[in-house]
Amino acid sequence: MGQSHSKTPSVVETSSQTGIPTQTDIESKAVSVKKDTASVADSGVGLNESPSETNERPQAATGSPAASVHEEEPTPTMPNIGPEDDIIAVMGLTGVGKSTFISHFSDTAVVGKSLRSCTSTISIHPATIDNRTVYLVDTPGFDDKDRTDVDILREIASWLETAYNADIKLAGVIYLHRILDNRVSGTAAQNIELFKEICGKKGLASVILATTMWDIAPPSVGETREKELVTEHSFWGKLIEHGCGVMRQNNKRASAENIIRAVLSQEPVTLLVQEEIAEGAALHETTAGGVLTAQLDEQKVRYEEEMERLKARHEELQAQMREMEEERRAKEERAEQERELEREEARAERARARQEWEDEKKENARRESAWETLYNDLREQLRDLKDELSSTRQKQEKNEKEQEEWRKQKRWWKDCSVM
(Lines give C-alpha, C1' and ligand atoms only; values in the text may rest on other atoms or scores of the structure.)
Protein backbone atom coordinates (compact mmCIF):
# COMPACT_ATOMS: atom_id res chain seq x y z
CA MET A 1 0.00 0.00 0.00
CA GLY A 2 2.83 2.34 0.86
CA GLN A 3 2.57 6.09 1.02
CA SER A 4 0.10 6.90 -1.78
CA HIS A 5 -2.43 9.57 -1.01
CA SER A 6 -6.14 8.91 -0.86
CA LYS A 7 -8.59 10.86 -2.93
CA THR A 8 -11.30 13.11 -1.54
CA PRO A 9 -14.62 11.33 -1.99
CA SER A 10 -17.25 13.96 -2.22
CA VAL A 11 -15.23 16.54 -4.07
CA VAL A 12 -14.63 16.09 -7.78
CA GLU A 13 -11.06 16.69 -8.94
CA THR A 14 -10.80 20.20 -10.38
CA SER A 15 -9.04 21.97 -13.18
CA SER A 16 -5.67 23.46 -12.21
CA GLN A 17 -6.24 27.04 -12.95
CA THR A 18 -9.64 27.91 -11.51
CA GLY A 19 -10.12 25.28 -8.85
CA ILE A 20 -13.67 24.81 -10.25
CA PRO A 21 -14.58 21.32 -11.52
CA THR A 22 -15.13 21.25 -15.26
CA GLN A 23 -17.94 19.39 -16.96
CA THR A 24 -15.38 16.83 -18.16
CA ASP A 25 -14.22 16.31 -14.55
CA ILE A 26 -17.77 15.70 -13.36
CA GLU A 27 -18.67 13.44 -16.27
CA SER A 28 -15.52 11.37 -15.77
CA LYS A 29 -16.24 10.97 -12.06
CA ALA A 30 -19.88 10.21 -12.75
CA VAL A 31 -18.88 7.46 -15.19
CA SER A 32 -16.78 5.92 -12.41
CA VAL A 33 -19.69 6.10 -9.96
CA LYS A 34 -22.05 4.66 -12.58
CA LYS A 35 -19.67 1.75 -13.08
CA ASP A 36 -19.75 1.08 -9.34
CA THR A 37 -23.54 1.28 -9.19
CA ALA A 38 -23.80 -0.81 -12.33
CA SER A 39 -21.80 -3.48 -10.53
CA VAL A 40 -24.27 -3.22 -7.66
CA ALA A 41 -27.34 -3.33 -9.89
CA ASP A 42 -26.23 -6.05 -12.30
CA SER A 43 -27.43 -9.44 -11.11
CA GLY A 44 -24.53 -11.21 -12.74
CA VAL A 45 -21.69 -8.93 -11.70
CA GLY A 46 -20.67 -6.88 -8.68
CA LEU A 47 -22.16 -7.12 -5.22
CA ASN A 48 -24.97 -9.42 -6.40
CA GLU A 49 -22.33 -11.99 -7.29
CA SER A 50 -21.65 -14.25 -4.36
CA PRO A 51 -17.92 -14.53 -3.73
CA SER A 52 -18.16 -18.29 -3.80
CA GLU A 53 -19.66 -18.16 -7.32
CA THR A 54 -16.89 -16.01 -8.79
CA ASN A 55 -14.25 -17.75 -10.84
CA GLU A 56 -10.55 -17.13 -10.32
CA ARG A 57 -10.96 -15.89 -6.75
CA PRO A 58 -8.01 -15.86 -4.30
CA GLN A 59 -7.75 -18.77 -1.89
CA ALA A 60 -7.51 -17.55 1.68
CA ALA A 61 -5.60 -20.59 2.84
CA THR A 62 -2.85 -19.99 0.31
CA GLY A 63 -3.26 -16.29 -0.34
CA SER A 64 -3.01 -16.65 -4.13
CA PRO A 65 -3.68 -13.28 -5.78
CA ALA A 66 -6.94 -12.51 -7.53
CA ALA A 67 -5.47 -10.06 -10.01
CA SER A 68 -2.15 -9.18 -11.54
CA VAL A 69 0.03 -6.92 -9.41
CA HIS A 70 1.97 -3.84 -10.50
CA GLU A 71 5.29 -4.35 -12.21
CA GLU A 72 7.16 -2.98 -9.18
CA GLU A 73 5.67 -5.66 -6.89
CA PRO A 74 7.54 -8.98 -6.68
CA THR A 75 5.47 -12.13 -6.20
CA PRO A 76 5.85 -13.13 -2.53
CA THR A 77 5.99 -16.70 -1.32
CA MET A 78 2.45 -17.30 -0.07
CA PRO A 79 2.29 -19.42 3.09
CA ASN A 80 -0.18 -22.21 3.71
CA ILE A 81 -2.33 -21.34 6.71
CA GLY A 82 -4.84 -23.30 8.72
CA PRO A 83 -7.34 -22.99 11.58
CA GLU A 84 -4.59 -23.18 14.22
CA ASP A 85 -2.64 -20.20 12.85
CA ASP A 86 -2.77 -16.62 14.14
CA ILE A 87 -4.02 -14.44 11.31
CA ILE A 88 -4.45 -10.67 11.49
CA ALA A 89 -6.06 -8.62 8.71
CA VAL A 90 -4.54 -5.18 8.12
CA MET A 91 -7.09 -2.80 6.64
CA GLY A 92 -7.54 0.88 5.84
CA LEU A 93 -7.74 3.34 2.98
CA THR A 94 -5.18 3.40 0.22
CA GLY A 95 -2.00 5.13 1.37
CA VAL A 96 -2.39 4.83 5.15
CA GLY A 97 0.72 2.65 5.48
CA LYS A 98 -0.56 -0.95 5.59
CA SER A 99 2.32 -2.34 3.56
CA THR A 100 4.75 -0.17 5.53
CA PHE A 101 3.40 -1.65 8.77
CA ILE A 102 3.83 -5.21 7.48
CA SER A 103 7.30 -4.47 6.08
CA HIS A 104 8.61 -4.24 9.67
CA PHE A 105 8.19 -8.02 9.85
CA SER A 106 8.36 -9.28 6.26
CA ASP A 107 10.62 -8.52 3.32
CA THR A 108 7.88 -9.58 0.90
CA ALA A 109 5.70 -6.57 1.70
CA VAL A 110 6.01 -4.00 -1.08
CA VAL A 111 6.06 -0.40 0.11
CA GLY A 112 4.90 2.06 -2.53
CA LYS A 113 7.06 5.02 -3.54
CA SER A 114 4.48 6.77 -5.71
CA LEU A 115 0.89 7.97 -5.49
CA ARG A 116 -0.32 4.65 -6.92
CA SER A 117 -1.35 1.87 -4.56
CA CYS A 118 1.22 -0.92 -4.44
CA THR A 119 -1.22 -3.50 -3.01
CA SER A 120 -3.48 -4.59 -5.84
CA THR A 121 -4.67 -7.83 -4.24
CA ILE A 122 -4.70 -9.65 -0.94
CA SER A 123 -1.35 -11.02 0.16
CA ILE A 124 -0.26 -12.86 3.31
CA HIS A 125 3.05 -12.24 5.05
CA PRO A 126 4.49 -14.23 8.00
CA ALA A 127 5.79 -12.31 10.99
CA THR A 128 7.48 -13.48 14.19
CA ILE A 129 6.38 -11.82 17.43
CA ASP A 130 7.76 -13.13 20.75
CA ASN A 131 8.79 -16.39 19.03
CA ARG A 132 5.23 -16.74 17.76
CA THR A 133 4.42 -16.87 14.07
CA VAL A 134 1.68 -14.50 12.99
CA TYR A 135 0.33 -14.11 9.48
CA LEU A 136 -0.45 -10.54 8.44
CA VAL A 137 -3.00 -10.16 5.64
CA ASP A 138 -2.35 -7.07 3.51
CA THR A 139 -5.66 -6.00 1.98
CA PRO A 140 -6.28 -3.60 -0.91
CA GLY A 141 -7.38 -0.19 0.30
CA PHE A 142 -10.66 1.40 -0.64
CA ASP A 143 -10.66 4.61 -2.69
CA ASP A 144 -8.02 3.12 -4.99
CA LYS A 145 -7.21 5.00 -8.21
CA ASP A 146 -7.32 1.90 -10.41
CA ARG A 147 -10.13 -0.18 -8.88
CA THR A 148 -13.70 0.41 -7.77
CA ASP A 149 -14.75 0.00 -4.15
CA VAL A 150 -17.14 -2.74 -5.33
CA ASP A 151 -14.22 -4.80 -6.71
CA ILE A 152 -12.22 -4.34 -3.52
CA LEU A 153 -15.10 -5.26 -1.23
CA ARG A 154 -15.84 -8.30 -3.39
CA GLU A 155 -12.21 -9.45 -3.16
CA ILE A 156 -12.01 -8.96 0.61
CA ALA A 157 -15.36 -10.72 1.10
CA SER A 158 -14.24 -13.56 -1.16
CA TRP A 159 -11.09 -14.08 0.91
CA LEU A 160 -13.04 -13.90 4.18
CA GLU A 161 -15.59 -16.41 2.88
CA THR A 162 -12.85 -18.81 1.80
CA ALA A 163 -11.20 -18.46 5.20
CA TYR A 164 -14.53 -19.05 6.94
CA ASN A 165 -15.19 -22.17 4.86
CA ALA A 166 -11.71 -23.42 5.81
CA ASP A 167 -12.62 -22.94 9.50
CA ILE A 168 -10.03 -20.17 9.79
CA LYS A 169 -10.76 -17.38 12.22
CA LEU A 170 -9.01 -14.07 12.38
CA ALA A 171 -7.05 -13.30 15.52
CA GLY A 172 -8.25 -9.77 14.94
CA VAL A 173 -8.12 -6.78 12.64
CA ILE A 174 -5.80 -3.76 12.56
CA TYR A 175 -7.39 -0.69 10.98
CA LEU A 176 -4.87 1.99 10.06
CA HIS A 177 -5.49 5.72 9.64
CA ARG A 178 -3.05 8.56 8.84
CA ILE A 179 -2.70 10.99 11.73
CA LEU A 180 -1.29 13.43 9.12
CA ASP A 181 -4.76 14.03 7.68
CA ASN A 182 -5.90 17.44 8.94
CA ARG A 183 -9.49 16.30 8.68
CA VAL A 184 -11.38 13.08 8.15
CA SER A 185 -12.41 13.16 4.51
CA GLY A 186 -15.77 12.01 3.23
CA THR A 187 -14.12 8.88 1.84
CA ALA A 188 -12.52 8.08 5.20
CA ALA A 189 -15.83 8.56 7.03
CA GLN A 190 -17.61 6.32 4.52
CA ASN A 191 -14.87 3.73 4.83
CA ILE A 192 -15.21 3.75 8.62
CA GLU A 193 -18.94 3.07 8.26
CA LEU A 194 -18.26 0.30 5.75
CA PHE A 195 -15.55 -1.20 7.96
CA LYS A 196 -17.95 -1.18 10.93
CA GLU A 197 -20.48 -3.22 8.97
CA ILE A 198 -17.82 -5.63 7.65
CA CYS A 199 -16.82 -6.43 11.23
CA GLY A 200 -20.19 -6.22 12.96
CA LYS A 201 -20.65 -5.18 16.59
CA LYS A 202 -19.16 -8.41 17.98
CA GLY A 203 -16.23 -8.31 15.60
CA LEU A 204 -15.29 -4.76 16.61
CA ALA A 205 -14.13 -6.01 19.99
CA SER A 206 -11.17 -7.65 18.19
CA VAL A 207 -10.18 -4.53 16.26
CA ILE A 208 -7.29 -2.19 16.97
CA LEU A 209 -7.64 1.27 15.47
CA ALA A 210 -4.09 2.47 14.89
CA THR A 211 -2.97 5.90 13.72
CA THR A 212 0.15 5.97 11.55
CA MET A 213 2.89 8.45 10.64
CA TRP A 214 3.41 9.85 14.14
CA ASP A 215 7.09 10.14 13.21
CA ILE A 216 6.11 12.90 10.76
CA ALA A 217 3.25 14.69 12.50
CA PRO A 218 4.02 17.29 15.19
CA PRO A 219 2.98 15.76 18.56
CA SER A 220 0.56 18.53 19.52
CA VAL A 221 -1.15 18.39 16.13
CA GLY A 222 -1.31 14.58 16.21
CA GLU A 223 -2.82 14.53 19.69
CA THR A 224 -5.49 17.04 18.68
CA ARG A 225 -6.44 14.98 15.64
CA GLU A 226 -6.39 11.75 17.67
CA LYS A 227 -8.74 13.28 20.22
CA GLU A 228 -11.12 14.27 17.45
CA LEU A 229 -11.02 10.75 16.01
CA VAL A 230 -11.82 8.98 19.29
CA THR A 231 -14.49 11.42 20.52
CA GLU A 232 -16.50 12.04 17.36
CA HIS A 233 -19.20 9.40 16.82
CA SER A 234 -19.06 9.99 13.09
CA PHE A 235 -15.40 8.89 13.16
CA TRP A 236 -14.19 6.33 15.73
CA GLY A 237 -16.47 7.13 18.67
CA LYS A 238 -19.04 4.41 17.92
CA LEU A 239 -16.36 1.86 17.10
CA ILE A 240 -14.66 2.43 20.45
CA GLU A 241 -18.00 2.06 22.23
CA HIS A 242 -18.21 -1.43 20.71
CA GLY A 243 -14.80 -2.42 22.07
CA CYS A 244 -12.19 -1.23 19.54
CA GLY A 245 -8.80 -0.39 20.97
CA VAL A 246 -6.84 2.70 19.94
CA MET A 247 -3.04 2.71 19.53
CA ARG A 248 -0.28 4.59 17.74
CA GLN A 249 2.16 3.40 15.07
CA ASN A 250 5.22 5.64 14.82
CA ASN A 251 6.80 3.79 11.87
CA LYS A 252 8.98 1.75 14.22
CA ARG A 253 8.91 -2.01 14.68
CA ALA A 254 8.43 -1.75 18.45
CA SER A 255 5.12 0.12 18.18
CA ALA A 256 3.98 -2.28 15.44
CA GLU A 257 4.79 -5.25 17.71
CA ASN A 258 2.77 -3.70 20.53
CA ILE A 259 -0.24 -3.35 18.23
CA ILE A 260 0.03 -7.00 17.16
CA ARG A 261 0.38 -8.12 20.81
CA ALA A 262 -2.80 -6.18 21.64
CA VAL A 263 -4.64 -8.02 18.86
CA LEU A 264 -3.32 -11.43 19.93
CA SER A 265 -4.48 -10.81 23.51
CA GLN A 266 -8.09 -10.96 22.32
CA GLU A 267 -10.32 -13.83 21.26
CA PRO A 268 -10.36 -14.94 17.60
CA VAL A 269 -13.22 -13.37 15.69
CA THR A 270 -15.66 -14.15 12.90
CA LEU A 271 -16.68 -10.99 11.09
CA LEU A 272 -20.29 -10.13 10.35
CA VAL A 273 -19.81 -10.26 6.58
CA GLN A 274 -18.42 -13.82 6.91
CA GLU A 275 -21.45 -14.94 8.88
CA GLU A 276 -23.91 -13.33 6.47
CA ILE A 277 -22.28 -14.88 3.40
CA ALA A 278 -22.08 -18.25 5.15
CA GLU A 279 -25.82 -18.02 5.76
CA GLY A 280 -26.35 -17.71 1.99
CA ALA A 281 -26.54 -13.96 1.51
CA ALA A 282 -25.17 -12.52 -1.71
CA LEU A 283 -22.64 -9.77 -1.18
CA HIS A 284 -25.15 -7.03 -2.00
CA GLU A 285 -27.49 -8.52 0.59
CA THR A 286 -24.95 -8.24 3.40
CA THR A 287 -24.95 -5.26 5.72
CA ALA A 288 -21.62 -4.07 4.33
CA GLY A 289 -22.87 -4.49 0.76
CA GLY A 290 -25.95 -2.49 1.62
CA VAL A 291 -23.83 0.30 3.10
CA LEU A 292 -21.61 0.39 0.03
CA THR A 293 -24.64 0.35 -2.27
CA ALA A 294 -26.17 3.26 -0.35
CA GLN A 295 -22.88 5.16 -0.50
CA LEU A 296 -22.62 4.57 -4.24
CA ASP A 297 -26.23 5.62 -4.76
CA GLU A 298 -25.59 8.75 -2.72
CA GLN A 299 -22.46 9.47 -4.75
CA LYS A 300 -24.38 8.91 -7.96
CA VAL A 301 -27.12 11.34 -6.91
CA ARG A 302 -24.53 13.85 -5.73
CA TYR A 303 -22.56 13.72 -8.95
CA GLU A 304 -25.70 13.82 -11.09
CA GLU A 305 -26.78 16.94 -9.18
CA GLU A 306 -23.30 18.34 -9.64
CA MET A 307 -23.48 17.55 -13.35
CA GLU A 308 -26.83 19.31 -13.62
CA ARG A 309 -25.42 22.29 -11.74
CA LEU A 310 -22.38 22.38 -13.99
CA LYS A 311 -24.50 21.98 -17.12
CA ALA A 312 -26.65 24.91 -15.99
CA ARG A 313 -23.51 26.86 -15.21
CA HIS A 314 -22.08 25.82 -18.57
CA GLU A 315 -25.20 27.07 -20.36
CA GLU A 316 -25.08 30.28 -18.33
CA LEU A 317 -21.44 30.78 -19.26
CA GLN A 318 -22.21 30.03 -22.90
CA ALA A 319 -25.00 32.65 -22.83
CA GLN A 320 -22.58 35.12 -21.24
CA MET A 321 -19.99 34.24 -23.86
CA ARG A 322 -22.54 34.80 -26.63
CA GLU A 323 -23.44 38.18 -25.14
CA MET A 324 -19.76 39.04 -24.80
CA GLU A 325 -19.17 37.90 -28.40
CA GLU A 326 -22.06 40.03 -29.65
CA GLU A 327 -20.79 42.98 -27.63
CA ARG A 328 -17.29 42.37 -28.95
CA ARG A 329 -18.55 42.27 -32.53
CA ALA A 330 -20.61 45.44 -31.97
CA LYS A 331 -17.55 47.15 -30.51
CA GLU A 332 -15.47 45.98 -33.44
CA GLU A 333 -18.09 47.27 -35.89
CA ARG A 334 -18.22 50.63 -34.10
CA ALA A 335 -14.44 50.72 -33.98
CA GLU A 336 -14.27 49.84 -37.69
CA GLN A 337 -16.79 52.57 -38.49
CA GLU A 338 -14.77 55.04 -36.44
CA ARG A 339 -11.58 53.90 -38.15
CA GLU A 340 -13.26 54.24 -41.58
CA LEU A 341 -14.47 57.70 -40.65
CA GLU A 342 -10.96 58.60 -39.56
CA ARG A 343 -9.63 57.19 -42.82
CA GLU A 344 -12.17 59.24 -44.79
CA GLU A 345 -11.22 62.35 -42.85
CA ALA A 346 -7.55 61.56 -43.41
CA ARG A 347 -8.16 61.08 -47.14
CA ALA A 348 -10.12 64.35 -47.30
CA GLU A 349 -7.40 66.12 -45.36
CA ARG A 350 -4.77 64.74 -47.68
CA ALA A 351 -6.86 65.82 -50.69
CA ARG A 352 -7.24 69.31 -49.23
CA ALA A 353 -3.55 69.48 -48.46
CA ARG A 354 -2.71 68.30 -51.97
CA GLN A 355 -5.08 70.83 -53.51
CA GLU A 356 -3.61 73.57 -51.38
CA TRP A 357 -0.17 72.44 -52.43
CA GLU A 358 -1.21 72.45 -56.07
CA ASP A 359 -2.79 75.88 -55.71
CA GLU A 360 0.26 77.16 -53.93
CA LYS A 361 2.44 75.63 -56.60
CA LYS A 362 0.42 77.35 -59.29
CA GLU A 363 0.49 80.61 -57.37
CA ASN A 364 4.23 80.27 -56.93
CA ALA A 365 4.57 79.60 -60.66
CA ARG A 366 2.40 82.65 -61.44
CA ARG A 367 4.40 84.74 -59.03
CA GLU A 368 7.63 83.44 -60.47
CA SER A 369 6.40 84.28 -63.97
CA ALA A 370 5.35 87.75 -62.82
CA TRP A 371 8.67 88.30 -61.14
CA GLU A 372 10.41 87.07 -64.27
CA THR A 373 8.39 89.50 -66.39
CA LEU A 374 9.00 92.31 -63.94
CA TYR A 375 12.66 91.46 -63.86
CA ASN A 376 12.89 91.50 -67.63
CA ASP A 377 10.98 94.79 -67.72
CA LEU A 378 13.28 96.24 -65.12
CA ARG A 379 16.30 95.02 -67.01
CA GLU A 380 14.92 96.59 -70.18
CA GLN A 381 14.19 99.85 -68.39
CA LEU A 382 17.65 99.75 -66.85
CA ARG A 383 19.13 99.27 -70.29
CA ASP A 384 17.13 102.17 -71.58
CA LEU A 385 18.22 104.26 -68.64
CA LYS A 386 21.80 103.31 -69.24
CA ASP A 387 21.45 104.24 -72.93
CA GLU A 388 19.70 107.47 -72.02
CA LEU A 389 22.34 108.20 -69.41
CA SER A 390 25.08 107.51 -71.89
CA SER A 391 23.39 109.77 -74.44
CA THR A 392 22.90 112.44 -71.82
CA ARG A 393 26.51 112.19 -70.83
CA GLN A 394 27.59 112.47 -74.46
CA LYS A 395 25.35 115.49 -74.91
CA GLN A 396 26.64 116.94 -71.69
CA GLU A 397 30.23 116.37 -72.76
CA LYS A 398 29.45 117.91 -76.13
CA ASN A 399 27.72 120.81 -74.47
CA GLU A 400 30.63 121.23 -72.11
CA LYS A 401 33.02 121.20 -75.06
CA GLU A 402 30.85 123.72 -76.89
CA GLN A 403 30.72 125.91 -73.80
CA GLU A 404 34.48 125.63 -73.35
CA GLU A 405 34.90 126.51 -77.02
CA TRP A 406 32.54 129.40 -76.57
CA ARG A 407 34.40 130.62 -73.54
CA LYS A 408 37.62 130.43 -75.48
CA GLN A 409 36.11 132.40 -78.40
CA LYS A 410 34.64 134.86 -75.96
CA ARG A 411 38.01 135.46 -74.38
CA TRP A 412 39.59 135.80 -77.80
CA TRP A 413 37.04 138.33 -78.84
CA LYS A 414 37.51 140.14 -75.63
CA ASP A 415 41.22 140.18 -76.06
CA CYS A 416 40.77 141.39 -79.65
CA SER A 417 38.54 144.24 -78.57
CA VAL A 418 41.12 145.45 -76.04
CA MET A 419 43.71 145.61 -78.65
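Note that the structure is a prediction, hence the values are computed from the model and not measured.

S.K.: Teacher, can you tell me more about the packing of aromatic side chains here?
M.R.: Aromatic ring pairs are reported here in terms of the distance separating the ring centres and the angle at which the planes meet. According to the stated counting rule, one finds three aromatic pairs in the structure shown. Judged by centre distance (4.5 Å) and plane angle (40 degrees), the rings of Y175 and F195 are tilted. Residue Y175 is found in strand β4 (residues 172-178), and its partner F195 is found in helix α4 (residues 186-203); the two are separated by 20 residues along the sequence. Relative accessible area serves as the criterion here: at 3%, Y175 is assigned to the buried category. We note R302 situated over the ring of Y303; from NZ or CZ to the ring centre the distance is 5.8 Å.

S.K.: Just checking my understanding: could you explain the pattern of salt bridges for this structure?
M.R.: Two side chains bearing opposite charge may form a pair once their charged atoms approach each other closely. Applying the stated criterion across every chain yields a total of 27 salt bridges. Taking the shortest distance from any N to any O, the salt bridge between R253 and E257 comes out at 2.7 Å. Note that R253 and E257 are positioned in helix α7 (residues 253-264) at a spacing of four residues, about one turn of the helix. In this structure R253 comes out as partly exposed when scored by relative accessible area, which is 35%. A residue is classified by how much of its surface remains accessible, and E257, at 17% relative accessible area, is buried.

S.K.: How should I be thinking about the sheet that holds β4 in this particular structure?
M.R.: In sheet architecture, strand pairing relies on hydrogen bonds along the backbone and comes in two forms, parallel and antiparallel. Overall, mixed pairing links the six strands, which are arranged β2-β3-β1-β4-β5-β6 in an open sheet. Unpaired on one side and paired on the other, β2 (123-129) and β6 (245-248) mark the two borders of the sheet. Strand-to-strand twist across the sheet, computed as the mean angle between neighbouring axes with direction ignored, equals 30 degrees. Bridge count between strand β1 (residues 86-92) and β4: five bridges; the pairing is parallel. Looking at the pairing, A89 lines up with V173 of β4.

S.K.: Mind showing me how you'd approach α7 here?
M.R.: One turn of the α-helix equals 3.6 residues, which is why residues spaced by three or four share an orientation. A rise of 1.5 Å per residue sets the reference length of α7, with its twelve residues, at 16 Å; its end C-alpha atoms lie 16 Å apart and thus fit the reference within 8%. Those residues of α7 not exposed but buried are S255, A256, E257, I259, I260, V263 and L264.

S.K.: Got a minute to help me understand the environment of V90 in this structure?
M.R.: Structurally, V90 is set in strand β1. C-alpha of V90 to C-alpha of G141: the two residues are 51 residues apart in sequence and 9.7 Å apart in space. In this view, V90 contacts K98, I102, V137, D138, T139, I174 and L176; residues no more than four positions away in its chain are not counted.

S.K.: Honestly, the pairing of strand β5 (residues 207-212) in this entry has me stumped. Any pointers?
M.R.: Taken residue by residue, a regular strand's side chains alternate between the two faces of the sheet. Most of β5 sits out of view: six of its six residues are buried. Residues V207, L209 and T211 line one face of β5 and the alternating positions I208, A210 and T212 line the opposite face, and both faces are buried. As paired elements, β4 and β5 share six bridges and run parallel to each other. In the strand pairing of β5, H177 is matched with T211. Here four bridges tie β5 to β6, and the two strands are oriented parallel to one another.

Rules of the game
Residues numbered from 1 in each chain as written. Predicted model: local features only at pLDDT ≥ 70, side-chain atom pairs only at ≥ 80, totals over all residues. Heavy atoms only, no water. Phe/Tyr/Trp six-rings, centres within 6.5 Å; stacked < 30°, edge-to-face > 60°. Helix = DSSP H or I, 4+ residues; strand = E, 2+ residues; numbered from the N terminus. Buried < 20%, exposed > 50% of the residue type's maximum accessible area, 1.4 Å probe, protein only. Lys NZ or Arg CZ within 6 Å of the ring centre and 35° of its normal. Salt bridge = Lys/Arg side-chain N within 4 Å of Asp/Glu carboxyl O. Pairing = 2+ DSSP bridges. Axes fitted to C-alpha atoms, helices over the stretch in contact; angles between N-to-C directions. Expected span 1.5 Å × (residues − 1). Contact = heavy atoms within 4.5 Å.

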